[in-house]
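Each chain is listed here by its residues.
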Amino acid sequence: MPKMVLWNKAGNDVTGMMSRCDKVVELCEALLGEEVYLYHGKMVMKEARVGGRQEWHQDYGYWYNNAVLTPQALSVFVPLDETTEENGYLQVIPGSHHCGGLNTSSRQDRLVRISGG
């Protein structure tokens with residue numbers, strides 16, 4: 001099982017600098033069409049040569065359950081290592097951001113690899 005760290009404020013360390021980076025902030029504002037804020041940051045760490053699995057999920061489901069009632073939000077994925085099929089890469093369903101809440105258990109066949117390396 002991967003280890004996970006969450007934070008709700010952009011601190012003065014490298015994770016805070018990434019959250020405040022002009023390139024990241026400006027891209028997010030362009031995509032959403034309005035000013036953005038940091039809802040939370042998360043780092044998922046997998047064991048070397050053992051790995052770990054994040055089950056298929058939709059971030060909006062978590063946000064909705066925590067008072068983000070409209071899907072006017074986005075996730076930014078920044079891999080720290082090369083992402084491959086062997087070590088686990090991010091997969092998404094194209095266009096799913098237009099669908100509202102989804103039953104994620106029936107969508108495995110529509111995943112598309114997003115390469116970070």
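Residues numbered from 1 in each chain as written. Predicted model: local features only at pLDDT ≥ 70, side-chain atom pairs only at ≥ 80, totals over all residues. Heavy atoms only, no water.

Comments concerning the overall build of the protein
Consideration 1: In terms of regular secondary structure, the protein is built from three helices and four strands.
Consideration 2: Listing every helix and strand of the protein by position from the N terminus yields β-α-α-β-α-β-β.
Consideration 3: Taken over 117 residues, the protein has a buried fraction of 15%.
Consideration 4: Considering only contacts in the protein between residues 6 or more positions apart, those separated by 24 or more positions represent 63%.
Consideration 5: Accessible area for the protein stands at about 9,200 Å²; split by element, carbon and sulfur atoms hold 53% of it. (Helix = DSSP H or I, 4+ residues; strand = E, 2+ residues; numbered from the N terminus. Buried < 20%, exposed > 50% of the residue type's maximum accessible area, 1.4 Å probe, protein only. Contact = heavy atoms within 4.5 Å. Areas by Shrake-Rupley, 256 points an atom, 1.4 Å probe, with all protein chains shown as cover.)

Regarding the environment of Met4
Consideration 1: The residue Met4 is located in strand β1 (residues 3-7) in this model.
Consideration 2: The residues contacting Met4, other than those within four sequence positions of it, are Lys42, Met43 and Val44.

Some details on the confidence of the model for the protein
Consideration 1: A residue-level look at the protein finds 82% of positions with pLDDT of 70 or above and a mean pLDDT of 78.
Consideration 2: Mean pLDDT across the elements of the protein bottoms out in strand β4 (residues 112-114) (49) and peaks in helix α2 (residues 22-32) (94).
Consideration 3: pLDDT under 50 marks residues 111-117. Its contacts with residues more than four places away, or in other chains, come to 23 contacts. (pLDDT = per-residue confidence, 0-100.)

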